[in-house]
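An overview of the molecular structure
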Amino acid sequence: MKKYRFKTRLIVAFLIALLAAVTALSGCSGGDSGDSGDAGDTPAGENPAEVELGFIWPETGGSSAIGLEHKIGAQKAIDEINANGGVKSMGGAKLVPVWKDSESTADVGATKVEELVTVDNVPIVIGCYNSVVTLPAAERANALQTPFLSMGAVGMGITNSGFEWVFRINNTAEYDVVELIKGLQLAEEEKGVEIKTYAVIYENTDWGADNAEYFKKYAEEEGWECVVDEPVTTPATDLSSQVAKIKAANPDVVNASFYTNDAILFADACFNSDYQPPYGFWSSGGGMQAQDFFTGVQDPGSYEYMFVQEDWGVAGPYLYDWIKELKDQLATEGITLNSYFAQGWTAAYVAYEALEAAGTTDKEAIRTALRDLDIENSVDNPSRVVLTGYPRIKFDEQGQNTYSTGTICQYQEGVAVGLSPVSNRFPDAEFIIPIPNDFASRAGNMVEWGELGKWEI
Amino acid sequence: MNKQDEKLPGAAPVVDGKKGFLEGKLFLLIFAVLFATVPLGMSSFTQHILVLVLFYAFCASAWNILCGYIGVLSLGHSALMGIGAYTTTLLLVHFGVSPWIGMFIGAFLTGIVGVLIGFPCFRMSGPYFTLTTIAFAELLRVYLENTKEIFGMSTKGASGITVPYTGDNVAMLSFLGKIPFYYLMLALLVIILLITWGIDRSKLGYYFVAIRSDADAAESLGIKLLKYKLIGMFISAFFIAIAGAFYAQFFRYINPTRIFGLDMSIRIALIAVVGGQGKIFGPTIGAVILIPITELLSLYFGATLPGLHLFIYGVVMVLVVLFMPKGINDYVMRLFSWLEGLLFGRIRKAKETARTNS
């Protein structure tokens with residue numbers, strides 16, 4: 001009797017689940033009908049109450065810590081835009097974010113674009129940080145003729161594949177490396193040192209491999225010799241042997257490219273091996289910019305003196321009053337202003353500017369608005385759009401913002417101190433090179449991550 | 001049999017009379033009509049999900065031929081899919097070979113690779129075989145992530161390859177809409193189900209099942225274990241490579257991390273196991289249930305809390321495996337059989353009553 005009832009219950013439960021699935025899936029098909037007031041193209045003369053913006057960030061998977069910071073940044077920007085009256089050219093329509101998780105996986109990103117465009121009917125899609133996710137997602141948005149704002153991904157294919165609906169706000173992998181090389185040249189010049197050898201260690205993803213490739217290309221032009229070229233299969237479990245190999249080769253500089261988890265492993269392995277190259281670790285960012293990296297390493301001393309290319313103007317709080325105010329406001333909520341927050345913020349604001357200029361949710365009009373978009377940013381004429389600190393946002397024919405620049409920072413006393421370009425330099429800051437051999441005592445001189453120590457305004 | 005058992009799903013009411021033409025095929029026909037018409041009028045996203053359902057049903061069915069019928073657990077099928085995808089795409093990008101031809105070249109090549117891998121691997125059993133298949137897939141993934149070109153053809157390493165879009169072009173297996181992909185995948189699924197059905201009823205199928213049930217007993221009866229396992233491997237690899245070629249054309253992007261990754265292998269195996277391995281329709285039932293659940297959970301819970309949809313998916317999987325260890329297939333089949341029994345029993349009863357009355 002019991003057995004029978006149990007099986008019957010199972011079957012009933014299964015049928016209910018099947019029914020729910022079928023009902024919900026058929027509900028999805030209603031997306032085309034544009035039944036919600038905020039979806040689809042706005043007819044001329046009518047303003048929607050809300051405009052949905054589609055966001056795809058890695059909320060789970062290997063880059064989740066980074067994606068969640070993008071999400072907070074975008075949400076804060078949307079809150080501010082709505083508090084200031086929404087999209088004025090559309091009668092004050094409020095922006096509503098629609099969040100999707102890419103799971104840090106290539107085909108999931110493309111599926112999410114499909115969902116955002118055909119189910120949620122969003123007029124613009126923004127994302128996706130990881131290059132392997134962004135490339136197929138951008139391709140799909142392009143095929144669906146929907147404006148796609150790429151933020152965070154640096155893979156070259158995103159803007160050189162002939163996509164007509166894709167616009168990238170941030171820099172490419174090549175720009176990142178060029179900034180690192182310029183920073184190294186500046187350090188050589190200011191500190192009177194000469195770099196002769198280098199090592200590259202990188203995770204074997206498109207981002208890591210691209211970074212290493214460009215670093216080797218530009219280093220070769222400088223006449224530096226590569227003594228170790230070490231790709232690492234991700235996710236790694238231990239990087240001690242790779243660190244030992246680099247230590248034995250004794251390069252002047254090490255270029256490291258890892259996402260958060262592997263970056264922590266690498267920093268820990270270096271610290272435990274008492275290893276530091278004489279002119280430092282130089283990284284294009286990735287995991288070495290994420291909050292989880294700084295709070296996850298065994299000892300904060302492992303990131304002291306490290307050089308990181310930050311994808312935003314770190315000197316912003318010193319140069320711009322509004323960024324200082326925002327930083328203070330966020331601090332009261334326990335949020336730290338960093339490059340990923342800034343990227344999320346700027347991406348949401350660029351989408352808003354395009355909607356404001358288009359005055360409609362018509363995709364073609366938004367694309368035209370993005371093509372014509374030209375936002376300048378300087379200390380004399382600051383723009384709240386450009387929290388990332390770029391001097392300008394203007395897309396070229398391929399949809400690439402050629403003015404996206406970051407800042408080369410060095411961790412000094414636990415603070416990311418802006419050094420290169422000189423225009424983004426912290427007051428009175430200078431390179432610390434060669435790196436002091438003070439592993440045992442350095443942590444004692446460092447402030448908590450997120451604090452500004454002696455650079456506090 | 002007690003009274004309660006008589007009422008169990010699957011125990012059709014026993015009524016005398018001839019079987020009608022539709023009896024035993026009713027639900028097959030209903031689903032055939034449903035599958036043939038369901039994407040029409042749906043949104044592009046729903047069509048996208050439906051293509052994924054068919055795609056994973058096809059992949060799991062290909063996996064099922066080797067693993068379900070012969071009873072070995074491969075978690076390296078993504079590598080075979082990857083070889084198919086890369087062969088087709090490289091032939092297309094570098095030589096302009098149509099994916100229709102490329103997919104069969106890739107499938108034959110993958111079949112041969114499968115046999116070459118199977119030759120040493122099938123000498124191992126249980127977890128050792130599984131571990132070897134994982135190692136093989138990881139080996140290929142790491143190799144491709146580190147390799148910029150193969151035989152002079154650029155593979156772009158970890159960055160992956162974008163498949164060029166050639167407009168709506170049947171000859172190049174390139175479509176903007178989802179409908180052509182849907183019907184292509186449906187046709188492929190029907191083909192693999194027919195082949196599985198054929199195997200299931202053939203001597204080959206009996207050999208496969210005999211190996212699964214008791215390899216030593218099968219061998220003692222004269223069944224050459226290695227030979228039949230290699231045959232299973234060739235068929236399975238051939239079809240999973242075709243799935244790889246389809247994946248490349250559908251997503252127009254392939255990278256080693258995803259297509260050679262362990263995630264993909266596990267997903268395929270999970271669908272087949274949950275649906276019912278060693279059964280003709282098991283993998284299809286698994287895909288029809290699991291893929292929409294994944295997407296719906298993401299749709300409704302994705303924005304609530306990061307990762308919540310994946311957590312719920314995990315809980316659902318655990319419950320299914322705990323309470324339906326032989327797969328959902330048996331329950332679905334018994335339900336259909338019960339419903340058919342009810343329906344046709346009534347029809348026969350009505351006919352009989354009419355005959356008696358007249």
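Residues numbered from 1 in each chain as written. Chains lettered and ligands numbered in written order. Predicted model: local features only at pLDDT ≥ 70, side-chain atom pairs only at ≥ 80, totals over all residues. Heavy atoms only, no water.

**Points about the overall build of chain B**
In terms of helices and strands, chain B carries 15 helices and four strands. Referenced to the eigenvectors of the C-alpha coordinate spread, the extents of chain B come out at roughly 80 × 55 × 45 Å. Across the 358 residues of chain B, 53% fall into the buried class. A separation threshold of at least 6 residues defines the contact pool for chain B, and within that pool the share at least 24 residues apart is 77%. Carbon together with sulfur atoms contributes 70% to the accessible area of chain B, which is approximately 16,000 Å² in total. Of note, chain B has its 27 positive side-chain charges centred 4 Å away from the centre of its 17 negative side-chain charges. (Helix = DSSP H or I, 4+ residues; strand = E, 2+ residues; numbered from the N terminus. Buried < 20%, exposed > 50% of the residue type's maximum accessible area, 1.4 Å probe, protein only. Contact = heavy atoms within 4.5 Å. Areas by Shrake-Rupley, 256 points an atom, 1.4 Å probe, with all protein chains shown as cover. Lys, Arg positive; Asp, Glu negative; His and termini not counted. Charge placed at Lys NZ, Arg CZ, Asp CG, Glu CD.)

**Notes on the confidence of the model for chain B**
Averaged over every residue, the pLDDT of chain B is 86; residues scoring 70 or more account for 92%. As scored by the predictor, the complex reaches a pTM of 0.77 and an ipTM of 0.73. (pLDDT = per-residue confidence, 0-100.)

**Some thoughts on the pattern of salt bridges**
Per the counting criterion, the structure on display carries 29 salt bridges over all chains. The partner of R141 of chain B in a salt bridge is E138 of chain B, with the nearest N and O atoms 2.9 Å apart. Of the two residues, R141 of chain B and E138 of chain B are both situated in helix 6 (residues 127-146); the distance of three residues between them amounts to about one turn of the helix. Using a relative accessible area of 7% as the deciding quantity, one classes R141 of chain B as buried. Within this structure, K100, K112, E115 and D120 of chain A together with E295 of chain B form a network of salt bridges that share partners. (Salt bridge = Lys/Arg side-chain N within 4 Å of Asp/Glu carboxyl O.)

**Considerations on the nonpolar core**
Side chains of nonpolar character tend, in soluble globular proteins, to be buried together. Formed by 125 residues in total, the largest nonpolar core has its most connected members in L149, F266, W282, F293 and I393 of chain A. Counting residues per element, this core draws most heavily on helix 12 (residues 339-358) of chain A, which supplies 13 residues. Per-domain counts for this core show at least three residues from each of domain 1 (48-171 + 320-395) and domain 2 (174-310 + 406-455) of chain A. Every residue in contact with L149 of chain A, bar those within four places of it in the chain, is listed here: I124, V125, I126, G127, F167, I169, A347, V350, A351, L370 and F395 of chain A. Listed in part, the 110 residues of the second largest apolar core include F27, A85, Y182 and V320 of chain B. (Core = buried A, V, L, I, M, F, W, Y, C linked by side-chain atoms within 4.5 Å. Domains from an automatic or database assignment.)

**Observations regarding the sheet that holds strand 1 (residues 50-57) of chain A**
All names here are of chain A. Spatial ordering of the open sheet is given by 2-1-3-4-5, a layout of five strands whose pairing is parallel. Each edge of the open sheet carries a strand with a single partner, namely strand 2 (94-101) and strand 5 (166-168). Put simply, the sheet's adjacent strands are angled 25 degrees from each other on average, direction ignored. The sheet contact formed by strand 1 and strand 3 (residues 125-128) spans three bridges and is parallel. Counterpart to I56 in the pairing with strand 3 is G127. Packed on one face of the sheet, helix 2 (residues 64-83) meets strand 1 and strand 2 and runs near 170 degrees to strand 2. Along the sheet, helix 12 contacts strand 1, strand 2, strand 3 and strand 4 (148-151); its crossing angle with strand 4, the most-contacted strand, is approximately 160 degrees. (Pairing = 2+ DSSP bridges. Axes fitted to C-alpha atoms, helices over the stretch in contact; angles between N-to-C directions.)

**So, the packing of helix 4 (residues 77-95) of chain B against helix 10 (residues 225-251) of chain B**
Residue and element names in this part refer to chain B. The interhelical angle for the contact between helix 4 and helix 10, taken along N-to-C directions, is 50 degrees, at an axis separation of 7 Å. On the basis of the axis angle, helix 4 is oblique to helix 10. Relative to helix 10, helix 4 is oriented so that their crossing is right-handed. Contacts from H77, L80, M81, G84, A85, T88, T89 and L92 in helix 4 reach M233, S236, A237, I240, A241, A243, G244, A245, A248 and Q249 in helix 10. Along the lines of polarity and charge, the residues of the contact of helix 4 with helix 10 split into 11 nonpolar, seven polar and no charged. (Parallel < 35°, antiparallel > 145°, perpendicular 65-115°, else oblique. Left-handed = near helix turned anticlockwise from the far one by under 90°. Nonpolar A, V, L, I, M, F, W, Y, C, P; charged D, E, K, R; others polar.)

**Overview of the state of the cysteines**
Across all of its chains, the model carries zero disulfides over all chains by this definition. In this structure C409 of chain A is a free cysteine whose sulfur lies 20 Å from that of C270 of chain A, the closest cysteine sulfur available. Here C409 of chain A falls in the buried class, since its relative accessible area comes to 0%. The thiol of C121 of chain B is unpaired, and the distance to the nearest cysteine sulfur, on C67 of chain B, comes to 12 Å. (Disulfide = S-S within 2.5 Å.)

**So, the environment of T405 of chain A**
Residues and elements named next belong to chain A. Checked against the element boundaries, T405 lands in the loop between strand 12 (392-393) and strand 13 (407-412). When its relative accessible area of 32% is taken as the criterion, T405 is described as partly exposed. With 17 residues separating them along the chain, T405 and T388 place their C-alpha atoms 8.6 Å apart. The contact partners of T405, leaving out residues within four places of it in the chain, are E179, T388, Y390 and P391.

**Details of a nonpolar patch on the surface**
Nonpolar side chains collect at one region of the surface, where F311, V315, V318, L319, L322 and F323 of chain B lie side by side and expose about 570 Å² of accessible area between them. Mapped onto the fold, F311 of chain B is located in helix 14 (residues 308-323). (Patch = residues over 30% accessible without salt bridge, like charges linked within 9 Å, V, L, I, M, F, W, Y side chains within 5 Å.)

**Describing the sheet that holds strand 14 (residues 415-420) of chain A**
Residue and element names in this part refer to chain A. What the seven strands build is an open sheet, ordered 7-6-8-9-10-13-14; its pairing is mixed. Where the open sheet ends on each side, the last strands, each with one partner, are strand 7 (225-232) and strand 14. Direction aside, neighbouring strands of the sheet carry axes that sit 25 degrees apart on average. In the sheet, strand 10 (residues 307-310) pairs with strand 13 via four bridges, with the strands oriented antiparallel. Note that in strand 13 the partner of F307 across the bridge is Q410. Across the face of the sheet, helix 6 (residues 206-222) comes into contact with strand 6 (197-203), strand 7 and strand 8 (253-257) while running at roughly 165 degrees to strand 6.

**Description of helix 13 (residues 363-372) of chain A**
Listed as buried for helix 13 of chain A are K363, I366, R367, A369 and L370 of chain A. Along helix 13 of chain A, the residues classed as buried sweep out an arc of 160 degrees about the axis, all on the same side. (Arc of directions from axis to C-beta.)

**Focus: helix 15 (residues 329-357) of chain B**
Here helix 15 of chain B spans 41 Å end to end across 29 residues, near enough to the 42 Å set by a 1.5 Å rise per residue. Every buried residue belonging to helix 15 of chain B is among N329, Y331, V332, L335, F336, E340, G341, F344, G345 and R348 of chain B, and all of these are buried. (Expected span 1.5 Å × (residues − 1).)

**Some words on the packing of helix 2 (residues 26-37) of chain B against helix 7 (residues 179-201) of chain B**
Angle between the axes and distance between the axes are the two parameters that describe a pair of packed helices. All names here are of chain B. At their nearest, the axes of helix 2 and helix 7 sit 10 Å apart, and the two run at 150 degrees to each other. As judged from the angle between their axes, helix 2 and helix 7 are roughly antiparallel. In this structure, helix 2 uses F35, A36 and T37 to contact helix 7, whose residues at the interface are Y182, Y183 and L186. For the contact of helix 2 with helix 7, the residue count by class is five nonpolar, one polar and no charged.

**Some points on unusual backbone geometry**
Residue and element names in this part refer to chain A. The omega angle of the peptide bond from G127 to C128 is -5 degrees, so this bond is cis rather than trans. Structurally, C128 is set in strand 3. Residue P434 is reached from I433 by a cis peptide bond, and omega for that bond is -5 degrees. Positionally, P434 belongs in the loop between strand 14 and helix 14 (439-442).

**Considering the domain arrangement of chain A**
Residue and element names in this part refer to chain A. We note that the domain assignment places domain 1 (48-171 + 320-395) and domain 2 (174-310 + 406-455) within chain A. A separation of 29 Å is found between the C-alpha centroids of domain 1 and domain 2. With 17 residues of domain 1 in contact, the opposing surface of domain 2 contributes 20 residues. A combined buried area of about 1,500 Å² lies between domain 1 and domain 2, and 53% of that area is made up of carbon and sulfur atoms. In terms of surface lost to domain 2, no three residues of domain 1 exceed M156, N171 and T336, which account for 30% of the buried area on that side. For the pair domain 1 and domain 2, the interface holds zero salt bridges. Those elements that place two or more of their residues in the side of domain 1 that touches domain 2 are helix 2, helix 4 (131-143) and helix 12. A per-element tally of the side of domain 1 that touches domain 2 places helix 2 first, with three residues. In the side of domain 1 that touches domain 2, the residues fall into seven nonpolar, eight polar and two charged. (Buried area = accessible area lost by both parts, 1.4 Å probe.)

**Considering the side chain of N142 of chain A**
Residue and element names in this part refer to chain A. By the secondary structure assignment, N142 is in helix 4. From its side chain, N142 meets the backbone nitrogen of W165 in a polar contact 2.9 Å long. With residues near it in sequence (within four places) discarded, N142 still touches F163, E164, W165 and V166. (Polar contact = N/O pair within 3.5 Å; in protein donor to acceptor, adjacent residues only side chain to side chain.)

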